[in-house]
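Commentary on secondary and tertiary structure
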Amino acid sequence: MPPAEFIGQAMGTLADPSRGRQMPYHAASKELNIFSVASPIASHIPPAAGAAISMKLRGTGEVAICTFGDGATSEGDWHAGVNFAGVQGAPIVFVCQNNRYAISVGFEKQTASDNVHVKAHAYGMPGYYVDGMDALASYYVMRDVVQRARDGIGPSLVEMLVYRYGGHSSADDDSVYRPRAEVEAWRKRDPLGRMRRFLERRGEWNDAAEEAARAEIDALITDALQAAEAAGPVPTSAMFEDVFAQVPARLQQERADLLG
Amino acid sequence: MSKMTMVQAIARTLDEEMARDDRVVVVGEDVGKRGGVFLATEKLYAKYGPDRVIDSPLSEAAVIGAALGMAVHGLRPVAEIQFADYVYPGFDQLVSQAAKLRYRSGGQFTAPMVVRMPAGGGVKGGHHHSQSPEAHFVHTAGLKVVFPSTPSDTRGLLKSAIRDEDPVVFLEPKRLYRAVKEELSDDPDDLIPIGKAVVRRQGDDVVLISYGGSMAETNRAADALVEQGFSPHVMDLRSLAPWDETAVLEAVARVGRVVLVSEAPRSASFISEVAATIAEELLDQLLAPPLRVAGFDTPYPYAQDREYLPGPARIMKAVQRALDY
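Report follows, based on the coordinates. (Residues numbered from 1 in each chain as written. Chains lettered and ligands numbered in written order. Predicted model: local features only at pLDDT ≥ 70, side-chain atom pairs only at ≥ 80, totals over all residues.)

1. Notes on the overall build of chain A
The condition that has to hold: Helix and strand labels come from DSSP, where a helix needs a run of H or I of at least four residues and a strand needs a run of E of at least two; each type is numbered from the N terminus. Backbone-placed C-beta atoms define the burial measure: a residue is buried with 20 or more other C-beta atoms within 10 Å of its own, exposed with 12 or fewer, and partly exposed in between. Contacts are defined on C-beta atoms placed from the backbone: any two residues whose C-beta positions lie within 7 Å are in contact.
Counting its secondary structure elements, chain A contains nine helices and six strands. For the C-alpha atoms alone, the extent of chain A along its principal axes is close to 65 × 50 × 40 Å. Residue burial in chain A is summarised as follows: out of 260 residues, 33% are buried. In chain A, 67% of the contacts between residues at least 6 apart in sequence involve partners at least 24 apart.

2. Focus: the interface of chain B and chain A
Selection criterion: In this count, Pro and Cys sit with the nonpolar residues alongside Ala, Val, Leu, Ile, Met, Phe, Trp and Tyr, while Asp, Glu, Lys and Arg are called charged and the others, Gly among them, polar.
In this assembly, 35 residues from chain B lie in contact with 37 residues from chain A. Contributing elements (two or more residues each) for the side of chain B that touches chain A: α3 (60–72) and α4 (91–104) of chain B. Considered class by class, the residues forming the side of chain B that touches chain A number 14 nonpolar, 14 polar and seven charged.

3. Topic: unusual backbone geometry
The amide bond that connects Ala241 of chain B to the next residue, Pro242 of chain B, takes the cis arrangement and shows omega of 0°. By the element assignment, Pro242 of chain B lies in the loop between β12 (239–241) and α8 (245–255). You will see that Ala42 of chain A, though not glycine, has its phi angle at about 75°, which is positive. Within the secondary structure layout, Ala42 of chain A lies in the loop between α1 (3–11) and α2 (45–58).

4. Side note on the nonpolar core
Going by this rule: One nonpolar core equals one set of buried Ala, Val, Leu, Ile, Met, Phe, Trp, Tyr and Cys residues connected by C-beta atoms within 7 Å.
Core analysis: the biggest nonpolar cluster contains 145 residues, and Ile92 of chain A together with Val259 of chain B have the highest contact counts within it. The leading source of residues in this core is α3 of chain B, at 10 residues. Setting aside residues up to four positions removed in sequence, Ile92 of chain A forms contacts with Ala48, Ala49, Ala52, Val63, Ala64, Cys66, Ala85, Ala149 and Pro155 of chain A.

5. Description of the environment of Tyr163 of chain A
Residue and element names in this part refer to chain A. As for its position among the elements, Tyr163 is in the loop between β6 (156–161) and α6 (180–187). With 88 residues separating them along the chain, Tyr163 and Leu251 place their C-alpha atoms 45 Å apart. Among residues more than four places away in sequence, those in contact with Tyr163 are Asn99 and Trp186.

6. A word on helix α9 (residues 270–282) of chain B
An α-helical segment advances 3.6 residues per turn. Residues three or four places apart therefore align on the same side. All names here are of chain B. This is how the line gets drawn: To estimate the expected span of a helix, count its residues, drop one, and scale the result by 1.5 Å. What the arc describes is the spread of directions from the helix axis to the C-beta atoms.
Between its first and last C-alpha atoms α9 spans 18 Å; for 13 residues at 1.5 Å apiece the expected length is 18 Å, and the two agree. Taken together, the buried positions of α9 are Phe270, Ile271, Val274 and Ile278. The arc that holds every buried residue of α9, seen down its axis, measures 100°, which confines them to one face. Across α9 from its buried face, at more than 90 degrees, point the exposed residues Ala276 and Glu280. Buried residues along α9 sit against α5 (134–138), β10 (206–210), β12, α8, β13 (258–265) and β14 (291–295).

Shown next as structure tokens:
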């Protein structure tokens, strides 16, 4: 997404194509086919399966990508959606970002399975286990499974092993549930550092390129932040819009009661 | 012209709408070769095949959630929940996903979908084949809720629901599925707008308001009142979200007495909302308090299936209280 739209979403300004309706990290873009997530975990899995079934029925040649965390695999809707996609052979790739914590609850309390990808077999699709901190490995696996879906062979489940360095949110103190040494060990596998070392060895990256890139990105974010703020607040009256295609009489009345 | 029961009218309407618009698909448990457990999708599979009449796994979350995804992607799904009592595994899909999609995306994504579900008691089904869950859905912003009582209303409203741009919960009173036959129009575009009530009987003494399955008992009570020399004014709301406030307030303002009838449990029921609105708007024109005749605040019983339903005797008792007030 354009950074101004993404930041506008977090700030709830008019730069947000979703018009300031959700808390941060719920960005959506119809233009880019980025579906609007709802906070209830795994509730997007059956809709993703349905969209993919529609792609198959309508023969559009599209592929759905559906991402979620390890905690999502405990929800009933996860199984309901993955199962339906499997039955229909829908063109979808389920991507689990397994960072081994659902807020504070560790993976070993989430499931008695050794991993997530093994669950693919129960739903008649292949499961893959990837080092999600390795950008190239992730790319090659995704390229294959997307092609598999596009060719009409069916869905896949890709488990990407990743890590969350910080707390779940600004209100989460992660030091109470995991040791610092664990966080530091994972930081050594950081994908940015690994990609940088890989490119440097090939002579395709150096300190000057790094500095230029950082300056460019800093400027991009500063501009986006300003643009997101300058777009201005969403008007109060917009609270009553987009509930339905037309604002019904009762909502018109409620709006009039509030705004006079 | 042809005479049809309500459930036959549903199958015919789905057929007409699928023929009109190839984006319309049916999805649910047993909707395919079986034609639905009540035969509401009878013969559709043979005519349209498995790509448009989709037998789902036994999962209401999958049925409603996948229907939402199909709608987002451009289809016009009509999902069937076998009994309204089984909607709860799919409740989050309706309430968190479908109802809020247009709003949470600022109008970028929409969910033009229908979720049909047979509801209500009187079929000896016990509490998990008899409930009336409409209040949950009326309470959820972003859902339209329809609950017709006749074959022709069912056809006209189902057409409107399928052509609507927003998610519609379409409740069907299962004890009336085969209760009466009615002439249906041959006009494939004979729509009944969502949100409009209909007057079943004109009268001056008391307004009787109901919808769905309880219309049957309400009409019987009205017949008995007429025999006793009274003049009841009977309204069938048909749509609960939005509901026809204008028509209700006009009728109640004119008559001054109102009895609301629904088999759904009384507490926080839909008719409580109607009664509260009447009280807020018309208190000084009322000749008696708005009275509710509702289902009891118990789970729906099996052995007392008929006693639970608000029948003509209970309705007439409330009417008498309104008249004597």
